[in-house]
Amino acid sequence: MTKLKIAVQKSGRLFDDSLRMLRECGIVINNGMNKLKAEAHNFPLEVYFFRDDDIPQYVQDGVADIGIVGENVLEEKKRRVENVLPLGFGRCRLSLAVPKEMDWKGIQSINGKRIATSYPDLLSDFLKRKRVRADIHTISGSVEIAPGIGLSDAICDLVSSGSTLFSNGLKEVETVMKSQAMLVAGKSLGKEKRVLLSRLLFRINALRQAGNNKYILLNVPDKKLDKICSILPGMKSPTILPLHRKGWSSVHSVVKEDDFWEIIELLKKNGAQGILVVPIEKMII
Ligand code: PRT
Ligand code: ZN
């Protein structure tokens, strides 16, 4: 039987979210400690655990069919893989940071300075675009200590909360790129593997839709039903059930997370009561 081979990070910041996403897609994996490979029970999937830096190459070479890796790594490595779907986790940005006492007057302030980074290609492209010249020092880890030990004047590193920069006396001055985890695929997947990938994508999209939407229940006086239904479009249209109390109905619908508070305000203004909001686990449109 054909199996789809997926590469995920062996340990690190993408490991938990990658496995959680597969689990929420109903894919159960027996992951023994320090294993290179695990089988899914109930989906034709083999999971390979690699260092994140190696994943683009392994997907390009067909060692794995698909993989989950940060866009920062993808853009730095520039391997020939297909970006299939941004996954919404592992969010961070690659930024330039300088000692907090440095007088920053814009990107020209970096001219002629030494910058330590693990992302030399992305940084060099960025500096070219900005038409500044600087000395790039490539180091593989603990980039944030480079200015403190006199190795560089600035750094270019990943930032999420900013607390690492802060505790090393640095300030973020420019964003080089924004990043999140990406599902990638090899360019020459066979037909059967493409079918398996689309089954997996169907499940991931159902999860993502669910995350962006909430199920909402509310009680409405019947004379306000038309108005309330015009506020709440739902998937096709809202469901209306009569309450035991005469003249009232219960309305059920789905609302987008982004519009959520605005809609609640409108509903209240138009006489809705007892509003309940419930998370949705999966959503198939
Ligand atoms: O062993 P392996 O090579 O697989 O792991 P790794 O050490 O290279 O990577 P890892 O686990 O640190 O990160 C994997 C991926 O997670 C990255 O390629 C990014 O796509 C994503 N990601 C998201 C981050 C961060 N947020 C992040 N904050 N990767 C690293 N960091 C580091 C950053 O380098 C800095 O040291 O966290 C520190 C800053 O965090 P804050 O919260 O203090 O700003
Ligand atoms: Zn790495």
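A brief report on the enclosed structure follows. Worth saying up front: this structure is predicted, and the values here are computed from it rather than measured.

About the thresholds
Residues numbered from 1 in each chain as written. Chains lettered and ligands numbered in written order. Predicted model: local features only at pLDDT ≥ 70, side-chain atom pairs only at ≥ 80, totals over all residues. Heavy atoms only, no water. Patch = residues over 30% accessible without salt bridge, like charges linked within 9 Å, V, L, I, M, F, W, Y side chains within 5 Å. Areas by Shrake-Rupley, 256 points an atom, 1.4 Å probe, with all protein chains shown as cover. Salt bridge = Lys/Arg side-chain N within 4 Å of Asp/Glu carboxyl O. Lys, Arg positive; Asp, Glu negative; His and termini not counted. Charge placed at Lys NZ, Arg CZ, Asp CG, Glu CD. Helix = DSSP H or I, 4+ residues; strand = E, 2+ residues; numbered from the N terminus. Phe/Tyr/Trp six-rings, centres within 6.5 Å; stacked < 30°, edge-to-face > 60°. Buried < 20%, exposed > 50% of the residue type's maximum accessible area, 1.4 Å probe, protein only. Polar contact = N/O pair within 3.5 Å; in protein donor to acceptor, adjacent residues only side chain to side chain. Contact = heavy atoms within 4.5 Å. Near = heavy atom within 4 Å. Pairing = 2+ DSSP bridges.

## Re a negative patch on the surface
Thinking step 1. A surface patch of negative charge is lined by Asp258, Asp259, Glu262 and Glu265.
Thinking step 2. Mapping aspartate 258 onto the fold places it in the loop between strand 14 (248–256) and helix 8 (260–269).

## As for the packing of aromatic side chains
Thinking step 1. According to the stated counting rule, one finds four aromatic pairs in the structure shown.
Thinking step 2. For the pair phenylalanine 15 and phenylalanine 49, a centre-to-centre distance of 6.1 Å together with 50 degrees between the ring planes defines the contact as tilted. You can see phenylalanine 15 sitting in helix 1 (residues 15–24) and its partner phenylalanine 49 sitting in strand 3 (residues 45–50), a full 34 residues away along the chain.
Thinking step 3. Among the residues examined, phenylalanine 49 registers a relative accessible area of 2% and is labelled buried.
Thinking step 4. By way of ring pairs, the aromatic residues Tyr48, Phe50 and Tyr58 are connected into one cluster.

## A short note on the side chain of aspartate 65
Thinking step 1. With respect to the element layout, aspartate 65 can be found in the loop between helix 2 (55–61) and strand 4 (66–70).
Thinking step 2. A polar contact is formed between the side chain of aspartate 65 and the side chain of lysine 193, at a distance of 3.0 Å.
Thinking step 3. Excluding its chain neighbours within four sequence positions, the residues that come into contact with aspartate 65 are Lys3, Leu4, Lys5, Val59, Val184, Ala185, Gly186, Leu189 and Lys193.

## Details of the site of ligand 1
Thinking step 1. Contacts to ligand 1 come from 22 residues, most closely from Arg13, Asn72, Ser161, Gly162 and Thr164.
Thinking step 2. Between an oxygen atom of ligand 1 and a side-chain N or O atom of asparagine 72, the distance comes to 2.6 Å.
Thinking step 3. Within the complex, 78% of the 840 Å² of free accessible area of ligand 1 lies under protein.
Thinking step 4. If you list the elements that add at least two residues to the shell around ligand 1, you get helix 3 (71–77), strand 9 (154–159) and helix 5 (163–167).

## Regarding helix 1
Thinking step 1. Listed as buried for helix 1 are Phe15, Asp17, Ser18, Leu19, Met21 and Leu22.
Thinking step 2. Of the surrounding secondary structure, the elements contacted by the buried residues of helix 1 are strand 1 (4–9), strand 3, strand 4 and helix 6 (191–212).
Thinking step 3. Of the residues one or two after helix 1, glycine 26 is the one with positive phi, at around 80 degrees.

## Notes on the pattern of salt bridges
Thinking step 1. Tallying each qualifying case throughout the model produces 12 salt bridges.
Thinking step 2. Between arginine 93 and glutamate 172 there is a salt bridge; the shortest N-O distance is 2.7 Å. With arginine 93 in strand 6 (residues 92–99) and glutamate 172 in strand 10 (residues 170–179), the pair connects residues that are 79 residues apart, well separated along the chain.
Thinking step 3. Look at arginine 93 and you get partly exposed, because its relative accessible area is 24%.
Thinking step 4. We classify glutamate 172 as partly exposed; its relative accessible area is 31%.
Thinking step 5. A salt bridge links lysine 105 to aspartate 103; the shortest N-O distance between them is 2.7 Å. Here lysine 105 matches aspartate 103 in class, with each residue exposed.

## A closer look at the environment of valine 173
Thinking step 1. Locating valine 173 in the fold gives a position in strand 10.
Thinking step 2. Sequence spacing of valine 173 and tryptophan 104 is 69 residues, and the spatial spacing of their C-alpha atoms is 7.6 Å.
Thinking step 3. Excluding residues that lie within four positions of it along the chain, valine 173 makes contacts with Leu96, Ala97, Val98 and Trp104.

## Thoughts on the pairing of strand 11 (residues 181–185)
Thinking step 1. Where burial is concerned, most of strand 11 is hidden: five out of the five residues are buried.
Thinking step 2. In the sheet, strand 4 pairs with strand 11 via five bridges, with the strands oriented antiparallel. Paired with isoleucine 68 across the two strands is leucine 183, which belongs to strand 11.
Thinking step 3. The pairing of strand 5 (residues 82–86) with strand 11 spans four bridges and is antiparallel. Bridging from a neighbouring strand, asparagine 83 pairs with valine 184 of strand 11.

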